[in-house]
Amino acid sequence: MIRPDVTPDSPVDEQPAIGLIGMGAMGNMYARYLSMAGWKKIYICDLPSKFESLKTKYEGIAGIHVLKDGHLVSRVSDWIMYSVEAEYIDRVVAQYGPSTKVGAIVAGQTSVKAPERAAFEKYLPEDVEIVSCHSLHGPTVSPVGQPLVLIQHRAKDASLRLVEKILRSFGSRYVYLSYEDHDIVTANTQAVTHAAFLSMGTAWHSSLSYPWEHGLYVGGIETVKVNIMLRIYSNKWHVYAGLAILNPSARVQIDQFARSTTEIFKLMLASDAAGLRARIYDARQIVFGDAPDADTHARAPILLSEDVLDRFSLGKKPSGAISPVARQSAPPNSHLSLLAMVDCWARLGIKPFEHLDLAATPIFRLWIGVAEYLFRSEARLDAAIHAALYETTHRSDDLEFVVGARGWSQCISFGNFELYKERFMHTSAFFESRFEEATKVGSAMIQALMDSSTDAEKKPPP
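This is a predicted model, so every value here is computed, not measured.

Draft legend 1. Structural detail: the sheet that holds strand 4 (residues 79-82). Strand order in the open sheet formed by eight strands is 3-2-1-4-5-6-7-8, with mixed pairing between adjacent strands. The outermost strands of the open sheet, each flanked by one partner alone, are strand 3 (64-66) and strand 8 (173-176). When the angles between neighbouring strand axes are averaged without regard to direction, this sheet yields 25°. Lying on the sheet, helix 1 (residues 25-37) is in contact with strand 1 (18-21), strand 2 (42-45), strand 3, strand 4, strand 6 (129-135) and strand 7 (147-154); it crosses strand 1 at an angle near 160°. The sheet strands contacting helix 6 (residues 157-167) are strand 1, strand 4, strand 5 (105-108), strand 6, strand 7 and strand 8, and the helix crosses strand 7 at an angle near 155°.

Here it is as structure tokens:
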């Protein structure tokens, strides 16, 4: 029995054997941080065909031992994490679960937990405990301060404390949820957010344009849109496919987002000023409440200032920050994606700020910050509504966005992973030449936001 107060400084024979099955991006991140923490017995594996290359990759790295398959990892490990795609979790647990060591604790790093739970309950022996986990960020984002969900599903309190101790070195903020609540929260914070950025990428790809190169999407909140869109398309397609297709709550929300996008665009085409304004302001009231401006709201604004965001723009700008005059001279934007997002939240009764406090991903934090920046200012919101009704500069992109949103919703409703992959990779290939730069810039932007949020939390109330 491993003591729950064990540390990396404890004698080796008292330390838990840590097992990682699946060495994709997140599996590698976990192995790296656990090794840096000083744990001495980390056993890892991937597909048997990758055994030799994995041995070469981790040769000489302290504490890490590469094994040939999940049977060997499961037999020796006290805590085992499956880091495999949600689409394959049933198959992998069926194969290796019966080999799990008596009394071991098992976890999964899948983004949607319903299939994981079903697989664990079906294939793991009764004498095995389940304390699952999910780091709510990508492998290129520092885990420090990020939410790390822990799910004490079938385990003693001492086992939960042991898992907490093993993962303490990540510096993450623990969030305790049930399997059911995890899937609801991740659907609310990730599914529609991803759909919005996937639709943006599809729209710009269909227009055969890099949005930051023709002056329409440079600076301020446009910077967030472009950088996060590129960040999503530079990641693995299955990260988003599993969440969207296998989470029933996600399908409902993505369908509503497509409907909101379509219905708002129809109001734009009809030049129905009264109808559009009533719908947008009703959504504003439901999601953001009565505060007329972010400056008067008790919560500090999430988004960084436009001058700070300008530093992370991929577009060509004059030396120094973009001047207010230059920014104002850019063609007004309807921000259809933001109008539809807030409308979707309102119609589904989603309270995004509750999820922000609980388990927000970096991308969700940025996205709600952009929405808040637009909606809490009547001047900015009225300008977006006016642009939606009377300005045509962005109208073709708005049309492509509507088509993209409906296309993604339909694709996800089919529940076909290959169709999702083909659609994702088709657009990903179009933007691929900019991924390296966008990843660096996006990571810096997210870190600046996290630093800003930490500073805001430390400030005493006025």
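Draft legend 2. Focus on the nonpolar core. F257, L276, W345, Y420 and F424 are the most contacted members of the largest nonpolar core, which has 78 residues in total. The dominant element in this core, judged by the number of residues it contributes, is helix 7 (residues 179-206), at 10 residues. Apart from the residues lying within four places of it in its own chain, the contact partners of F424 are L198, I232, Y233, N235, W237, Y240 and W408. Core analysis: the second largest hydrophobic core is formed by 34 residues, I2, M23, I44 and V131 among them.

Draft legend 3. Quick peek at the pairing of strand 6. Across the seven residues of strand 6, seven count as buried, placing the element largely inside the fold. Of the two faces of strand 6, the one holding E129, V131, C133 and S135 and the one holding I130, S132 and H134 are both buried throughout. Direction of pairing for strand 5 relative to strand 6: parallel, over a ladder of two bridges. Paired with I105 across the two strands is E129, which belongs to strand 6. Of the crossover connections in this fold, the one passing from strand 5 over helix 5 (residues 114-123) to the parallel strand 6 is right-handed. Summarising the sheet, strand 6 and strand 7 pair through six bridges and their orientation is antiparallel. Bridged to H134 within strand 7 is V149.

Criteria and cut-off values
- Residues numbered from 1 in each chain as written.
- Predicted model: local features only at pLDDT ≥ 70, side-chain atom pairs only at ≥ 80, totals over all residues.
- Heavy atoms only, no water.
- Pairing = 2+ DSSP bridges.
- Helix = DSSP H or I, 4+ residues; strand = E, 2+ residues; numbered from the N terminus.
- Axes fitted to C-alpha atoms, helices over the stretch in contact; angles between N-to-C directions.
- Contact = heavy atoms within 4.5 Å.
- Core = buried A, V, L, I, M, F, W, Y, C linked by side-chain atoms within 4.5 Å.
- Buried < 20%, exposed > 50% of the residue type's maximum accessible area, 1.4 Å probe, protein only.
- Right-handed = clockwise from strand over helix to strand, strands pointing away.

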